[in-house]
Amino acid sequence: MSLPRWYAVAGPAYLATLLAVDTQVGLHGQLVLGGATWLLLLAALRPLPALARAQALAVVVFATAGEVTGSLVWGVYRYRLHDLPLFIPPAHGLVYLSGLALVRVVRTRWLVAAAAVGSIGWGIAGLTVLPRLDVAGAIGVPLLVVFLWRSRSRAVYAGVFLVVAALELYGTSIGTWRWAVELPGLGIPDGNPPSGVAAGYVWFDVMALLFAPRLLAAVQRTWQLRRRLVPGIGQA
């Protein structure tokens, strides 16, 4: 799939700046950041193939559902203002596009190797040397390793993992969000961030890759049906 290579750098750079600015503003400032991020996502999607657009938007939908569940309902992590910032949903789309573009920049073998070594090393460190015991994160690492080993989309998962891991480490270090010491209701020790968080993000990608082609096909069928029912539609 053809994506501009510079997305691999521009996306993370914008997101890092966004998170830094967020630490300096209140609710109204977050609304402005949210509007700007939505506009940027739409602009980034415009030159892309239809399938890439559908995948990125599907990631936004599934990731937003995960954010509501994990943050607002379960309380596994909390954002600085204890809300769900408006810029978070479109930011997930930018993360996906950044990971997808990274596949064009780095060879698949090296990308997958970096993700595998990074996730396994992080998981082991969370059980041994990191300041906070990270059992919950370590549980998620094998899931990512399986996807990196068996999936035909391993390069995409590896690229997204590397982007997510970098942003998680950065976002928690500057206080944009913070993970609970233990999983609420379960008492399982969790890291800040947990090593398995990027592995959990793989599920958003899996769902996007699974449903985006079906969604795109349904839209195309609907458009074709409208053209048959309404003569002249779609013609200049």
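Look above for the structure.
Remember, predicted model here, so these are calculated numbers, not experimental data. (Residues numbered from 1 in each chain as written. Predicted model: local features only at pLDDT ≥ 70, side-chain atom pairs only at ≥ 80, totals over all residues. Heavy atoms only, no water.)

A. How the structure looks around unusual backbone geometry. Residue asparagine 192 is joined to proline 193 through a cis peptide bond whose omega torsion reads 5°. Of note, histidine 82 is a non-glycine position whose phi angle comes to about 60°, a positive value. Along the chain, histidine 82 falls in the loop between strand S1 (77–79) and helix H4 (88–105). Residue histidine 82 is classed as exposed on the basis of its relative accessible area, which comes to 59%. (Helix = DSSP H or I, 4+ residues; strand = E, 2+ residues; numbered from the N terminus. Buried < 20%, exposed > 50% of the residue type's maximum accessible area, 1.4 Å probe, protein only.)

B. Spatial organisation of the pattern of salt bridges. Applying the stated criterion to the full structure yields one salt bridge. Put simply, aspartate 22 and arginine 80 hold a salt bridge, and the shortest N to O gap is 3.6 Å. Of this pair, aspartate 22 sits in helix H1 (residues 7–22) while arginine 80 sits in the loop between S1 and H4, and the two are 58 residues apart along the sequence. Overall, the relative accessible area of 1% leaves aspartate 22 in the buried class. (Salt bridge = Lys/Arg side-chain N within 4 Å of Asp/Glu carboxyl O.)

C. A look at helix H6 (residues 135–150). Listed in full, the buried residues belonging to H6 are Ala136, Gly137, Ala138, Gly140, Val141, Leu144, Phe147 and Leu148. A side-chain oxygen of the first residue of H6 lies 2.9 Å from the backbone nitrogen of glycine 137; this N-cap is aspartate 134. (Polar contact = N/O pair within 3.5 Å; in protein donor to acceptor, adjacent residues only side chain to side chain.)

D. Summary view of the layout of surface pockets. Roughly 840 Å³ of internal volume is contained in the largest pocket. Lining the largest pocket are 36 residues; nearest its centre among them are Tyr77, Glu168, Trp179, Val197 and Phe204. Broken down by secondary-structure element, the contributors of at least two residues to the lining of the largest pocket are H1, helix H3 (50–73), S1, H4, H6, helix H7 (154–173), strand S2 (177–179) and helix H8 (197–229). At six residues, the largest contribution of residues to the lining of the largest pocket is made by H8. (1 Å grid on protein atoms, 1.4 Å probe; cavity = no way out; pocket = protein on both sides within 12 Å on 5 of 7 lines; lining within 4 Å. Points joined across faces, edges and corners; volume = space filled by probe spheres on them.)

E. Focus on the nonpolar core. Within the largest apolar cluster, 58 residues are counted, with the highest numbers of intra-cluster contacts made by Val95, Tyr96 and Leu97. In this view, leucine 97 contacts Leu3, Tyr7, Leu41, Ala44, Leu45, Leu48 and Ala56; residues no more than four positions away in its chain are not counted. (Core = buried A, V, L, I, M, F, W, Y, C linked by side-chain atoms within 4.5 Å. Contact = heavy atoms within 4.5 Å.)

F. Representation of H7. The end-to-end C-alpha distance of H7 is 28 Å, a good match for the 28 Å that 20 residues give at a rise of 1.5 Å each. In terms of burial, H7 is largely enclosed, as 14 of its 20 residues are buried. Backbone geometry just after H7 places glycine 175 at a positive phi near 85°. (Expected span 1.5 Å × (residues − 1).)

All we've got here are geometric facts, nothing functional implied.
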